[in-house]
Amino acid sequence: MQIPTHVRFVFTALVLGLVALGSACGSTASSTGVEKREKTGHPLRVRYIAYASGQRLELVNDSHSDRTETYSSTKKLEEAFVKVATDEVLDETLVQFKSLGYFDHAAPGSAPTGTQAGISQAFEVEQGGRTTSWALQKTAGPEEAQRFGQCFKLFYTVYNNTFGLQSVERAPDWQNENASLKKKRNP
């Protein structure tokens, strides 16, 4: 059985096209997973604290902390809350924080380290050698609470979409944690 000439031509053209496409795509840095991250040289850190639960989440940029050093050291599970984002992502997060009113409500200095009467949550931003914080009072008005909530949604989205591979001393016990949460919900 002989293959018609036009079929051979189409097949050859298709194979050559796929080879050319594969070699073009294979030569880019992003396809290999190796990308050069641009550092601005402006270290940034954003921390969120929920005082009732003790939850702490922190984002730093590449100019603040070396990603390899941060993720290579083993930490206690409760201390493994820092993720390293690109400078570009954290810069844009602060631009959005500004538009949502963070800097209108923030005061100079760090957020309280422990539970304080009347404060439910706080943000802390460190940039340019200065630290500011916005501690949300339980008595905050609806407009301030809404602005804080918008900042939280933005921060939480960025945090959850920032890849992190922190080495921890022990793995979480998800089954027991889920069981205890179910007991709290259904007494």
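Just above, that's the structure.
Residues numbered from 1 in each chain as written. Predicted model: local features only at pLDDT ≥ 70, side-chain atom pairs only at ≥ 80, totals over all residues. Heavy atoms only, no water.

Draft legend 1. Inspection of the overall build of the protein chain at higher detail. Looking only at helices and strands, the protein chain features 6 helices and 8 strands. Reading the helices (α) and strands (β) of the protein chain from amino to carboxyl end gives α-β-β-α-β-β-α-α-β-β-β-α-β-α. Per-residue burial over the protein chain gives 26% buried out of 187 residues. Considering only contacts in the protein chain between residues 6 or more positions apart, those separated by 24 or more positions represent 63%. By element, 56% of the accessible surface of the protein chain is carried by carbon and sulfur atoms, the whole surface being about 12600 Å². (Helix = DSSP H or I, 4+ residues; strand = E, 2+ residues; numbered from the N terminus. Buried < 20%, exposed > 50% of the residue type's maximum accessible area, 1.4 Å probe, protein only. Contact = heavy atoms within 4.5 Å. Areas by Shrake-Rupley, 256 points an atom, 1.4 Å probe, with all protein chains shown as cover.)

Draft legend 2. Fine view of the pairing of strand β6 (residues 119-127). Alignment of strand β1 (residues 44-50) against β6, held across 7 bridges, turns out to be antiparallel. When the sheet's bridge partners are listed, L44 is paired in β6 with Q127. Where β6 and strand β7 (residues 130-137) come together, 8 bridges link them in antiparallel fashion. By the bridge assignment for β7, F123 is matched with W134. Linkage of β6 to β7, two consecutive antiparallel strands, is achieved through a turn of 2 residues, within which G128 is found at a positive phi near 60 degrees. (Pairing = 2+ DSSP bridges.)

Draft legend 3. Up close: the sheet that holds strand β2 (residues 55-61). One open sheet accounts for 6 strands, arranged β4-β2-β1-β6-β7-β5; its pairing is mixed. Two strands close off the open sheet at either side, each with one partner strand: β4 (82-85) and β5 (107-108). Together, β1, β2, β4 and β6 form the strand contacts of helix α3 (residues 87-100), whose direction differs from that of β1 by roughly 60 degrees. Running over the sheet, helix α5 (residues 142-160) touches β1, β2, β4, β6 and β7 and is turned about 65 degrees from β2. (Axes fitted to C-alpha atoms, helices over the stretch in contact; angles between N-to-C directions.)

Draft legend 4. Focus on the packing of aromatic side chains. Tallied over the entire structure, the rule returns 12 aromatic pairs. For the ring pair Y102 and W134, a centre distance of 6.1 Å and an interplane angle of 65 degrees mean the geometry is edge-to-face. Of this pair, Y102 sits in helix α4 (residues 102-105) while W134 sits in strand β7, placing them 32 residues apart in sequence. By relative accessible area, W134 is classed as buried at 1%. Each ring, one from W134 and one from F148, has its centre 5.0 Å from the other, and the planes form 80 degrees; the classification is edge-to-face. (Phe/Tyr/Trp six-rings, centres within 6.5 Å; stacked < 30°, edge-to-face > 60°.)

Draft legend 5. Expanded view of the pairing of β4. Neither face of β4 is open: one carries V82 and V84, the other K83 and A85, and all of them are buried. Summarising the sheet, β2 and β4 pair through 4 bridges and their orientation is parallel. By the bridge assignment for β4, N61 is matched with A85.

Draft legend 6. Local environment of the side chain of S133. As for its placement among the helices and strands, S133 is situated in strand β7. One polar contact links the side chain of S133 to the main-chain carbonyl oxygen of G109, over a distance of 3.1 Å. In this structure S133 touches Y102, H105, A106, A107, G109, S110, A111, F123 and E124, once residues within four positions along its chain are discounted. (Polar contact = N/O pair within 3.5 Å; in protein donor to acceptor, adjacent residues only side chain to side chain.)

Draft legend 7. Structural context of α5. End to end, α5 covers 26 Å across 19 residues, agreeing with the expected 27 Å (1.5 Å per residue, within 8%). Taken together, the buried positions of α5 are F148, C151, F155, V158 and Y159. The arc that holds every buried residue of α5, seen down its axis, measures 100 degrees, which confines them to one face. In this structure, α5 carries P142 and K153 as exposed residues pointing more than 90 degrees from its buried face. (Expected span 1.5 Å × (residues − 1). Arc of directions from axis to C-beta.)

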